[in-house]
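Close look at the chain arrangement
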Amino acid sequence: MSSLKIICPNGHLGFAPLKPGSFHIGVAAKPDFIAADSGSDDIGPVPLGSDTCASPKAWQRHDLREMLLAARKLGVPMMIGSAGDTGTNSRVDMYVQMIREIATEEGLAPFRIGWFYSEVDREFVRAKIRGGSPIKGLDARADLTEDKLDATDRIVAMAGVHPFLKLLDEGCDVIIGGRCSDSAIFAAAALHKGYPEAQSYYLGKVLECASFCAEPYGAKETVMGEITPEHVEVTAMSPEQRCTIASVAGHAMYERSNPFHEFVAGGMLDMTHCHYDQVAEKTTRVTGMDFVPAEEFRVKLEGSGKVGERFVGMAGIRDPYTIAHVDEVIAWARAQTEERFGTDGWELHYNVFGRNGIMGDMEPLKDRPAHELCIVVQGIAPTVEMAEEVCMTGTRQLFYARLPDVKGTAGGVSFVLDEVMHASPAYTWTLNHTMAVDDPLELFPTHTATIG
Amino acid sequence: MNTRKKLADLAKTIRSKNAGTDKITFDIIFREKETYDLVKRSGALTRQSVCQRLNVDPARLTDFVEYDPAYAIKFTILRERPSGSAGDGDIFGAQQYAPFLDVEVDMTA
């Protein structure tokens with residue numbers, strides 16, 4: 001066993017299209033696998049809750065086509081995790097269908113496709129709670145209650161390497177995964193070929209976001225990871241980028257609270273003693289990683305629940321006196337909504353851009369607002385009709401706020417649109433928890449088929 | 001001689017991003033070990049100072065790590081509400097780092 005090479009062209013397949021230039025350089029280097037993750041909880045709870053994508057189908061198809069054509073030409077497996085942003089069953093089916101369509105269009109020779117699901121039935125989770133196996137909260141969340149479960153529309157479990165390994169063992173050329181840990185896709189390829197766990201999981205960790213482990217900053221460029229039993233090397237494929245000690249070590253801490261530990265289903269990658277060497281201009285070598293198997297097999301669950309229908313309004317303010325009293329303006333509009341709908345059963349949210357619209361109470365400069373403000377208003381209610389009226393009241397009444405000393409009495413705010421816009425329903429993350437399971441494959445049923 | 005410099009002039013990267021649905025993590029990464037060591041020594045970034053800068057209760061700071069392999073200082077806070085809940089002004093948590101750009105560092109430390 002000498003080494004194994006994987007290229008990753010995109011850190012979130014579909015979120016923006018991959019850059020073909022560096023991808024084709026990567027393909028020319030003859031990798032043993034082509035893999036990418038397609039999902040994220042960064043996009044908020046709406047896509048999971050409403051079972052939709054965050055990205056246009058055209059971008060997803062673009063990346064799947066590039067990867068499929070290259071993988072079939074090289075005769076190497078192609079692997080995708082967390083299909084369609086969320087990894088729900090419908091997104092997996094959609095990706096499998098896209099692969100079928102591309103294969104037909106391109107007249108590809110027959111190949112084996114495998115896929116797995118990761119949605120979890122709410123009643124399965126309820127049975128765990130009632131059976132005395134607590135669904136433990138992550139990140140300071142309390143253990144899951146049945147109330148919170150009832151407020152959940154859709155749940156996905158985060159797979160580790162196991163369903164990928166099963167499908168690789170079954171000889172699949174293309175694998176479309178449901179929700180999974182980003183690193184598991186790549187780690188599974190290396191584990192399948194017999195490489196040690198520590199190096200395999202590190203390979204996954206460093207490749208999962210493609211060129212985010214390279215510098216200078218440039219997203220959607222291909223990087224290549226090479227694993228041996230002793231080390232992992234990562235190389236930027238873009239002519240503009242390098243993988244440096246700083247960029248690779250820095251990436252280890254990206255998007256996680258602690259730079260030393262990466263938890264996956266079945267264990268933890270420990271990067272505490274990692275050592276980084278610049279072995280070529282564009283290549284950094286990493287050694288010293290450890291893998292600590294978990295004592296109990298716990299799977300992370302993500303859940304999203306609908307809060308209500310939603311409309312969005314916008315209003316601008318230029319009058320300095322009104323800007324100084326913007327909270328009173330908002331309070332007025334809210335009071336008018338209360339007069340109409342009472343105090344419960346609806347929500348109004350105001351983000352005051354130009355003051356603290358982005359950071360809220362964490363904004364250090366909130367007492368120094370800009371010379372003009374934009375207020376984004378969200379109105380949420382159980383029905384579309386009520387949400388529209390809540391939002392319209394909460395926006396329109398900004399216009400009529402009664403400030404005692406305002407000079408402009410013909411209208412207190414500016415409108416770009418004299419209407420409110422129908423937006424996606426509001427959802428919230430209801431589950432960020434872990435659940436014990438007996439069998440690593442229990443929640444992730446696999447399927448295979450021949451295409452072509 | 002000016003003995004104070006802004007963090008933005010010293011660091012290679014100052015960024016924020018979601019760490020899961022309930023946390024935002026901040027990475028401040030330096031190019032050279034010397035600068036990293038100096039900022040560590042200066043005390044400009046501590047558990048207390050970052051909480052103060054963001055006006056958050058210290059109980060919301062879950063991690064504060066000086067990460068030598070990357071010449072980086074990294075800290076993580078719990079969100080007020082899960083990412084993408086209505087009213088959240090930054091679903092990705094990607095613009096929360098701005099208040100750290102002009103943190104002043106005592107270069108004589």
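Please read all numbers here as calculations on a predicted model, not as lab measurements.

1. Quick notes on the pattern of salt bridges
- A full pass over the atoms with the stated rule returns 35 salt bridges over all chains.
- Connected via shared salt-bridge partners are A:Arg61, A:Arg65, A:Glu101, A:Glu105 and A:Glu106.

2. Comments concerning the pairing of strand 17 (residues 373–381) of chain A
Residues and elements named next belong to chain A.
- Burial within strand 17 is extensive, with eight of its nine residues counted as buried.
- Alignment of strand 15 (residues 298–317) against strand 17, held across nine bridges, turns out to be antiparallel. Along strand 17, the bridge assignment pairs Glu309 with Ala381.
- Bridge count between strand 16 (residues 347–353) and strand 17: seven bridges; the pairing is antiparallel. Counted as the bridge partner of Tyr350 is Val377 from strand 17.

3. Regarding the sheet that holds strand 19 (residues 446–451) of chain A
All names here are of chain A.
- Overall, mixed pairing links the ten strands, which are arranged 12-13-9-8-1-2-3-7-4-19 in an open sheet. Looking along the sheet, the strands with just one partner apiece sit at the ends: strand 12 (275–280) and strand 19. Across this sheet, the average inter-strand angle for adjacent strands is 25 degrees, counted without regard to direction.
- The sheet contact formed by strand 8 (residues 223–227) and strand 9 (residues 232–236) spans five bridges and is antiparallel. Pairing of Gly225 across the sheet is with Val234, part of strand 9.
- Lying on the sheet, helix 4 (residues 89–106) is in contact with strand 2 (33–39), strand 3 (78–85), strand 4 (111–116), strand 7 (174–176) and strand 19; it crosses strand 4 at an angle near 170 degrees.

4. Regarding the domain arrangement of chain A
Residue and element names in this part refer to chain A.
- Taken as a whole, chain A is organised into domain 1 (4–116 + 159–294) and domain 2 (305–428).
- With centres defined by C-alpha atoms, the gap from domain 1 to domain 2 works out at 42 Å.
- Taken together, the contacts link four residues of domain 1 with five residues of domain 2.
- A buried area of about 340 Å², summed over both sides, lies between domain 1 and domain 2, and 78% of it is on carbon and sulfur atoms.
- A per-residue breakdown of the area domain 1 buries against domain 2 is headed by Pro45, Val46 and Gly49, which together make up 87% of the total.
- Seen at the junction of domain 1 and domain 2, the total is zero salt bridges.
- Inspection of the domain 1/domain 2 interface yields zero residue pairs in polar contact (both at pLDDT 80 or more).
- For the side of domain 1 that touches domain 2, the per-class residue count stands at two nonpolar, two polar and no charged.

What counts and how
- Residues numbered from 1 in each chain as written.
- Chains lettered and ligands numbered in written order.
- Predicted model: local features only at pLDDT ≥ 70, side-chain atom pairs only at ≥ 80, totals over all residues.
- Heavy atoms only, no water.
- Salt bridge = Lys/Arg side-chain N within 4 Å of Asp/Glu carboxyl O.
- Buried < 20%, exposed > 50% of the residue type's maximum accessible area, 1.4 Å probe, protein only.
- Helix = DSSP H or I, 4+ residues; strand = E, 2+ residues; numbered from the N terminus.
- Pairing = 2+ DSSP bridges.
- Axes fitted to C-alpha atoms, helices over the stretch in contact; angles between N-to-C directions.
- Contact = heavy atoms within 4.5 Å.
- Domains from an automatic or database assignment.
- Buried area = accessible area lost by both parts, 1.4 Å probe.
- Polar contact = N/O pair within 3.5 Å; in protein donor to acceptor, adjacent residues only side chain to side chain.
- Nonpolar A, V, L, I, M, F, W, Y, C, P; charged D, E, K, R; others polar.

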